[in-house]
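Structural features, examined
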Amino acid sequence: MAPVTRGEPEGEAAAEESTNRTALRPPATCGGKRSQRPAPPPPRRAATLQPVPAPLSATARSMGDHDCPAQAGLCSTARRKRPWWRQPPPPRTEATPLPRPGAPLLCEPRERKGQGRGFESASPSAPRLPALPLAFKLERRGGACGASDYNSQHATLWAAAAYSGATVSAICRYSSNSPSYRIFSTRSTIKLEYEGTLFTEWSVPEICFVLNKSSPKTELRCSSPGVHAIKPIVTGPDEEERNLFVDSSHTCFLWYYRVRHFFNNLTQVISVWVYDPENADPDELLGSAEEPSINSIVLSTQMATLGQKPVIHTILKRKAYLSNEKMKKGTWHIMVPMTRDDALKEIRGNQVTFQDCFIADFLILLTFPLLTIPEIPGSLPISSPRGSQLMVSWDACVVASVVLVADMETFQTNDSFRTWTRIRVPPGSLSDAERQSVADVIVSRDGIFFLINGVLYQKSFRGFVKLGRILNLPDGGITGISSRKWCWVKYLSKAKERRSNFAVWTENEIYLEYILLKFARLVTTTELKNILNLSVTATLTIHSVEYTGHPLEIAVFLSYCTICTVTKKIFLVIYNEDTKQWVSQDLTLDAPIDSVFIPHFIFSALPGLILWNKHSIYYCYHNFTFTGILQTPAGHGNLSMLSNGSIIHEVFVDYYGNILVKMENNVIFYSKINTRDAVKLHLWTNNTTRALILLSTSGYTYFLYALDNGTIQIQDYPLSLETRSITFKTKDKCPYLAFHNNVARVFYFLDKGETLTLWTQIIYPENTGLYVVVESYGPKILEESHDISFEAAFGHCTKTLTVTFYQNVDYEGIYDYFEMQHNNTGLVMVQLRPSEYSKTCPIAQKVFQIAVGCDDKKFIAVKGFSKKECHHHDFSYVIEKSYLRHQPSKNLKVRYIWKKYGCPLRLDFTEKFQPVVQLFDDNGYVKDVGANFIVWEIHGRDDYSFNNTMAQSGCLHEAQTWKSMIELNKHLPLEEVWGPEFH
C-alpha cells in the first residue's frame, strides 16, 4: 500500500526535509465492516480563542508493569501479631460520580501546507489562530493552612470547602511503605491521615478493613483488588472522595542499591540487595541506608539460595553486567564502567519467587559522578524577586541534576533533592537589588547560568562571572535563555560542528552556546527579513526560542507587525543545526500587542508543541495539523475559572505523554498529548505552599516544596493513582486494550545495504476500526514496506503491522560517490502510534531515530591479527632496497608497531594468503565484510604477486591496477590514489 504523504517538499527528494504520515489499515475490520477513517470534524468555528494555558508534564509509571495475574499472597518475612484487618467492616458510603466532561473543539485539524526546499513562508490562505484575548483579572484569595512537614514519603491530599462563608482547609493523606508507590496492592498497608477539626470517621468499602475508623490517623488494608472509594466523613460539607486502585500482584519485593565510585579505573561498584517494603527499616524506605537491615539480609540470602541473582541491564547499548563474586552479608556487588552515553540502567533479577512473591525491576540513572558547587563562607544568596514563583532548570539527560531558584535562595542538587546545597555569590559581585532579580536560570555542563536584568552570568567551580562582549555576547538587553528539554544521547550530524547546548536571545539577535563556553551568533532579525522576504519597514522581533523534540532543531517564534498598536502576528520557523536551513511552519497567532506565551515542544518525531499564557493552553500536534484549545469539563478552555482565578505556574510534559498543568495556587489539571481536553485532579498541596512537580531518576514524579525557613522538602506524588481516580469518575476509557512493539532502542544505525524490520501490534474491541499510524520526519532517504495481519477472537481484534525500512540506492558506477553518499545519508525521526487515544492510555507513541550513514563507532580489522596473544617487544626489520617501488639508494628499516597492527600472522611460504576483513563496533564483532576491498603495502614494496589473472577472476574488461591508478594520480599519496571517489 502506498503511503499517504503530507507536506512533501518539491525538488530532489534526497536533499529535502519532509514529513511522512502513513496510516495503515486493512481492507476490513475484524467485525466484517470496512475500515474507515474517523468522521471528519465539523467546520472551523469563527470563535475567539481563549487564553493559552500551560501543559504540566510528569512521568507516570504503571503500577503493575511486572505483576502476575494471580492474586498475591501475604508474603512477608515477619508476621503481624494482631491481624487487625479481619475486624468487621465499617458501613459503606456511596460516592456520587462526576458528570462526563464535554470537549468542544475550537480548532479543527487541517491539512499540512506544502513545504518547499529551504525556507518557505506560510501560505496566506493557511488557517490562522484567532486573536488571543487579554489576560483575565486575577484576584488572590485569602490564606490557608501552612505547609505540612509530614514525612516526605507520604502522599498529601488537600481539600478546601466553603463553610459559613469562609475558607476552611483540611488535609487528607494516604501513602504506602513502597517508595514512589511502586507497589500498591492487596499486600500493601495504606496509611490514612486527616488533619482538620471536622473529622468524624472514615468511609471505606466493605472489602477493606480499617484499624480504627474514628481515628484521623489509621491504617487500611483491602483484601480484594479493584477500585475502592475512600472518603473522610466530616460534620461540614462533604469532602472529596478518592477512588484508589488496589492491585492484585505477585510483585512484593524491591531492589535497593548503593553506588561507590572508583576514579582510578573509571568504574562504579553497585551494591544490591532485596528488601520487603512492609518489613523494611526506615532508612531503606527513605533511601538513606548504607547497608541492608537484618530482615533484608535474611530475605536476600534466601532469594540467592533459590537462584536469584541481579543483573544490571543498560537501556541504550543493551549491555548486561553481573556479579563476579559470591554474595557477602546479603549483598551482591556488580562492577560497571562510568559512562555518559549509557546512563539509563535497570536492575533485573531471575524469575524466582519466595512465598509466591517476585522482585520488581528497578530503573536507575547512573552516570559520571556529579558534583554540586560548594558554598563559600561569607557568600551572599541569589534569588528571584520577592513573592515570585519557583523557577527550575535540569539537565535533560540527568534529571537528578537540578537548580531551583526561589525568592530567598538558589538550590542545587545532583540526586533529586535528597541532598542539596545553596548557590551563592561573592560579596560585591552584584548589588542587593541584582541579587534578588534572577529572571531565568539554566544548568549546563559549563556551569549554572543566571539571567539578571538583561545580563547573563555564569556560576561554576571557578567562580561567578559576568558574560559579555569578551565571549561574543551582548553586554545587556538579553530577553531570554532556553535549553534542551529532551535527551538524545546519540544522533547523526553530517556537519562538523557540534550541536549547541542552549540559546540566548535579545529582541533582534540569537546566540548559541557550545561546549567549553563558546558563543556564536546564529541570526539577526535583519537577516531573517531577507530570508522571509518581509518588508524592511515592518517591525520584526524575536518572541522566544525553544529547542524541539528533534536533536538538531531549534524553533524560533517571531513577532511581526506593521502598525504595532493593537495586535501582532506571531509565527514559527525552525532551524536545523545540521543542514543550516530555515523552514517556516503553518502556525500563525494573532495576539494582543503586549501578550506573552510560553512554548514547550513535546517528545515526538513530528514537530508538536503546547503554548500557554496565564489562563489557557493551545496544543499543536502531528506537525501542526491537529490544533485547538485544551478544553475542560466546564466546556471552555479557561483554567483560571476552575482554579479560583489563579494563573498557570508550571507545565510539565514527560516522555510518556502526560501533561500536568500546575496553577499558582497548586490546583493541577491533567491531560495527555494527542487529546483535546484536560481534567482537574484532586487537590494535593496547600494553596500557599510554593511547589513544583519534577521527575525522579526512576521515572516517577515528586513534589518539591520551598519552605519559608530556607529549606527544601520533597514528597512522592502518585500520578498514576491520582489520574486513575479522576478518570474512573469521568468514565474515560482507552479505545484499545494493548499497544505493543519490538522497538528496543531509541537510536538505530542503518548502513549501506542494510534493512531495519520492526513490528507493532494493537488489540482493540472489534468494529471500532483502529489502526497503527507510522509517521516519519526528516530527509526522504528511506523506503518503507508494510505487511499487515489481523485476527478476531472473543470480540477483540488483533492487528499486527510489520514495517521494513531500507534504501534503494545503487552506489556502483556513479560519477561522484561522495556526493551521492551525502545526499542519501541523514537522520530520520520515526514514531508509531494508535489512530485513537485518550488520557487513560498508558503511553502515547513510540519515538525513535534511524541514522542512515556510517557509524563512527564501527571499524574494520583483518582476521587473525590479535593484539593480546603475543609478547610485545621492540621489533624491527629491513626491506631490501631492490624490493621497493621507488628504488631508493639504501635499504629501509621498519619498526613494527604492535599496538596498531597486532601480532604478526605466521604463514608457511607455500600457503596462499587472502585477507578476511571483519567489522566491529563498540560491542565487539559484528560480521565478516563481503564487499570488495583494496590491499596495498604501506612501505612501498612490490615483490609480491597474485594468484589469478583478471581473466581467471571473471573480469570482462581490464580492471584498474595500482600502476594505472598511480599514473592517473601522481599528485596524491599512495593511500589516496585508489578509493571510492575514483571509479
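Under an unreviewed UniProt entry, the protein has the name Catsper channel auxiliary subunit epsilon and belongs to Rhinopithecus bieti. If you open the UniProt record of the protein and go to Subcellular location (unreviewed entry), you find "Cell projection, Cilium, Flagellum membrane". Regarding the protein, the relevant UniProt record gives this comment under Sequence similarities (unreviewed entry): "Belongs to the CATSPERD family."

In this section: the state of the cysteines. Applying the stated criterion across every chain yields a total of six disulfides. Sulfur-sulfur distance for the disulfide between Cys-561 and Cys-564 comes to 1.7 Å. Taking the sign of the torsion about the S-S bond as the criterion, the disulfide between Cys-561 and Cys-564, at about 95°, is right-handed. On the basis of relative accessibility, which here comes to 33%, the residue Cys-564 falls in the partly exposed class. Between the sulfur atoms of Cys-734 and its disulfide mate Cys-841 the distance is 2.0 Å. Judged by the torsion about the S-S bond (100°), the Cys-734/Cys-841 disulfide is right-handed. Note that Cys-734 is positioned in the loop between α5 (719-730) and β48 (738-741) and Cys-841 in the loop between β54 (826-834) and β55 (846-852), a separation of 107 residues in sequence.

Once that is clear, we can look at a nonpolar patch on the surface. Together, Val-862, Leu-905, Leu-907 and Phe-913 make up an exposed nonpolar region whose accessible area comes to about 310 Å². Within the element layout of this structure, Leu-907 appears in the loop between α7 (898-901) and β59 (917-921). For Leu-907, a relative accessible area of 40% translates into the label partly exposed.

Moving on, we come to the packing of aromatic side chains. One pass over the structure, following the stated rule, counts 39 aromatic pairs. With a centroid separation of 4.7 Å and 75° between ring planes, the pair formed by Trp-684 and Tyr-717 is classed as edge-to-face. A residue pair is termed long-range when its members are at least 10 positions apart, and Trp-684 in the loop between β44 (679-680) and β45 (690-695) and Tyr-717 in the loop between β47 (712-716) and α5 qualify at 33 residues. As far as the burial class goes, Trp-684 and Tyr-717 line up, both buried. Look at Phe-875 and Trp-898: their rings are 6.4 Å apart centre to centre, the planes differ by 55°, and that puts the pair in the tilted class. Residue Phe-875 is located in the loop between β56 (859-862) and β57 (876-879), and its partner Trp-898 is located in helix α7; the two are separated by 23 residues in the primary sequence. With relative accessibility at 32%, the residue Phe-875 sits in the partly exposed group. Classification of Trp-898 as buried rests on a relative accessible area of 11%. Through successive ring pairs, a cluster of aromatic residues spans Phe-875, Tyr-877, Tyr-896, Trp-898 and Tyr-901. One Lys or Arg, Arg-340, reaches over the ring of Phe-368 and ends 5.2 Å from the middle of that ring. The ring of Phe-728 has Lys-731 lying over it, and the distance from NZ or CZ to the ring centre is 5.1 Å.

How each quantity is defined
- Residues numbered from 1 in each chain as written.
- Predicted model: local features only at pLDDT ≥ 70, side-chain atom pairs only at ≥ 80, totals over all residues.
- Heavy atoms only, no water.
- UniProt positions renumbered as here; feature names shortened; annotations may be inferred.
- Disulfide = S-S within 2.5 Å.
- Buried < 20%, exposed > 50% of the residue type's maximum accessible area, 1.4 Å probe, protein only.
- Helix = DSSP H or I, 4+ residues; strand = E, 2+ residues; numbered from the N terminus.
- Patch = residues over 30% accessible without salt bridge, like charges linked within 9 Å, V, L, I, M, F, W, Y side chains within 5 Å.
- Areas by Shrake-Rupley, 256 points an atom, 1.4 Å probe, with all protein chains shown as cover.
- Salt bridge = Lys/Arg side-chain N within 4 Å of Asp/Glu carboxyl O.
- Phe/Tyr/Trp six-rings, centres within 6.5 Å; stacked < 30°, edge-to-face > 60°.
- Lys NZ or Arg CZ within 6 Å of the ring centre and 35° of its normal.

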